[in-house]
Amino acid sequence: MTEALPQTIGGRLAGATILLTGATGFVAKAILATALRSLPEVGELRLLLRAADDAAAEVRLREQVLSSSAFADLDPRVTEAALAGGRLRAFACDLTAPHLGLPVSGPLEDVDVAIHCAASVSFQQPLDEMLELNVIGTANLAAALREASPAVRFVHVSTAYAAGVRTGLVLERPSGQSPGEPDLDAQAELDAARSWRQGLEADSRLPDHQERFVRDARQEIGPAGAPAIGARAERARRAWVFTQLVDRGRARARA
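An account of the accompanying structure is given in this report. (Residues numbered from 1 in each chain as written. Predicted model: local features only at pLDDT ≥ 70, side-chain atom pairs only at ≥ 80, totals over all residues. Heavy atoms only, no water.)

## A short note on the packing of helix H5 (residues 127–148) against helix H6 (residues 186–203)
And then number 1: Running from N to C, H5 and H6 point in directions that differ by 155°, and their axes come no closer than 8 Å. By the criterion of interaxial angle, the relationship of H5 to H6 is roughly antiparallel. H6 is crossed by H5, and the crossing has left-handed handedness. Here Leu127, Asp128, Glu129, Leu131, Glu132, Val135 and Ile136 of H5 come into contact with H6, specifically with Ala186, Gln187, Glu189, Leu190, Ala193, Arg194, Trp196 and Arg197.
And then number 2: Of the residues assigned to the contact of H5 with H6, the class counts are eight nonpolar, one polar and six charged. (Axes fitted to C-alpha atoms, helices over the stretch in contact; angles between N-to-C directions. Helix = DSSP H or I, 4+ residues; strand = E, 2+ residues; numbered from the N terminus. Parallel < 35°, antiparallel > 145°, perpendicular 65-115°, else oblique. Left-handed = near helix turned anticlockwise from the far one by under 90°. Contact = heavy atoms within 4.5 Å. Nonpolar A, V, L, I, M, F, W, Y, C, P; charged D, E, K, R; others polar.)

The structure is reproduced here in structure tokens:
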């Protein structure tokens, strides 16, 4: 006779290793605070944070995560005990880097549950940057976890906007199984967005644009000298490229 599984969340996760990304964001902070407060049975809580190294990741954990209001009603002794005992740990990670910038044997090993909250949620970001983090980064994480922890349960936190502009009931189905879903190639979309950036960077340096940037800069700051005008013109060039990329990304997303 098969032994019945525990019915509580704490019971099901007793002794488990949980990997969490995006802990500096709103949702992941709430998840972490809840786990520390209500799930003492959990074995390890491993956080992947963008940082130069693990020491810098721990600084981010203390200064940008644990100091937030989400942990205001949590006994500090609980957090300090989790840190001191190695139950709560932070690791430097880059989702867009090969193998996430992590060592082969590292925080991805023996993970039972991965909760992926890291993403860009800005509507003012170029398409290539969003695709690199939200799409390619997610695929990189899933592939690395599959290799290091084949039995991992992967939870991907997204937003309502990922389903597009729809009305009525929107079912959660694997990609490619929803009626009328466009057949998209993520890598092709990213390649195209990168080519937009290259083309706009080149166009922004053409004489017509450069003359306009310099003329506008001279009008804004007056007779401040060539270096100041040049610096203002370069900032204007970069802002123009950024705006063009955002506009193109929005148009492509709507399409």
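Read on for the rest.
## Things to note about the nonpolar core
And then number 1: Core analysis: the largest hydrophobic core is formed by 29 residues, its most contacted members being Leu32, Leu36, Leu45, Leu61, Phe71 and Leu88.
And then number 2: Contributions of two or more residues to this core are made by strand E1 (17–21), helix H2 (26–38), strand E2 (44–49), helix H3 (54–65), helix H4 (76–84), strand E3 (88–92) and strand E4 (113–116).
And then number 3: Residue contributions to this core peak at five residues, all from H2.
And then number 4: With residues near it in sequence (within four places) discarded, leucine 45 still touches Ile18, Leu32, Ala35, Leu36, Arg87, Leu88 and Arg89. (Core = buried A, V, L, I, M, F, W, Y, C linked by side-chain atoms within 4.5 Å. Buried < 20%, exposed > 50% of the residue type's maximum accessible area, 1.4 Å probe, protein only.)

## A word on a negative patch on the surface
And then number 1: Judged by side-chain charge, Glu181, Asp183, Asp185 and Asp191 come together as a negatively charged surface patch.
And then number 2: With respect to the helices, strands and loops of the structure, aspartate 185 is situated in the loop between strand E5 (153–156) and H6.
And then number 3: On the basis of relative accessible area, aspartate 185 is assigned to the partly exposed category, the value being 46%. (Patch = residues over 30% accessible without salt bridge, like charges linked within 9 Å, V, L, I, M, F, W, Y side chains within 5 Å. Areas by Shrake-Rupley, 256 points an atom, 1.4 Å probe, with all protein chains shown as cover. Salt bridge = Lys/Arg side-chain N within 4 Å of Asp/Glu carboxyl O. Lys, Arg positive; Asp, Glu negative; His and termini not counted. Charge placed at Lys NZ, Arg CZ, Asp CG, Glu CD.)

## Some thoughts on the packing of H6 against helix H8 (residues 226–254)
And then number 1: The interhelical angle for the contact between H6 and H8, taken along N-to-C directions, is 150°, at an axis separation of 10 Å. It follows that H6 is roughly antiparallel to H8 by the angle criterion. In this structure, H6 meets H8 at a crossing whose hand is right-handed. For the pair H6 and H8, contact is made by Glu189, Trp196, Arg197, Leu200, Glu201 and Asp203 and by Arg237, Trp240, Val241, Gln244, Leu245, Arg248, Gly249 and Arg252, respectively.
And then number 2: Among the residues forming the contact of H6 with H8, the class breakdown is five nonpolar, two polar and seven charged.

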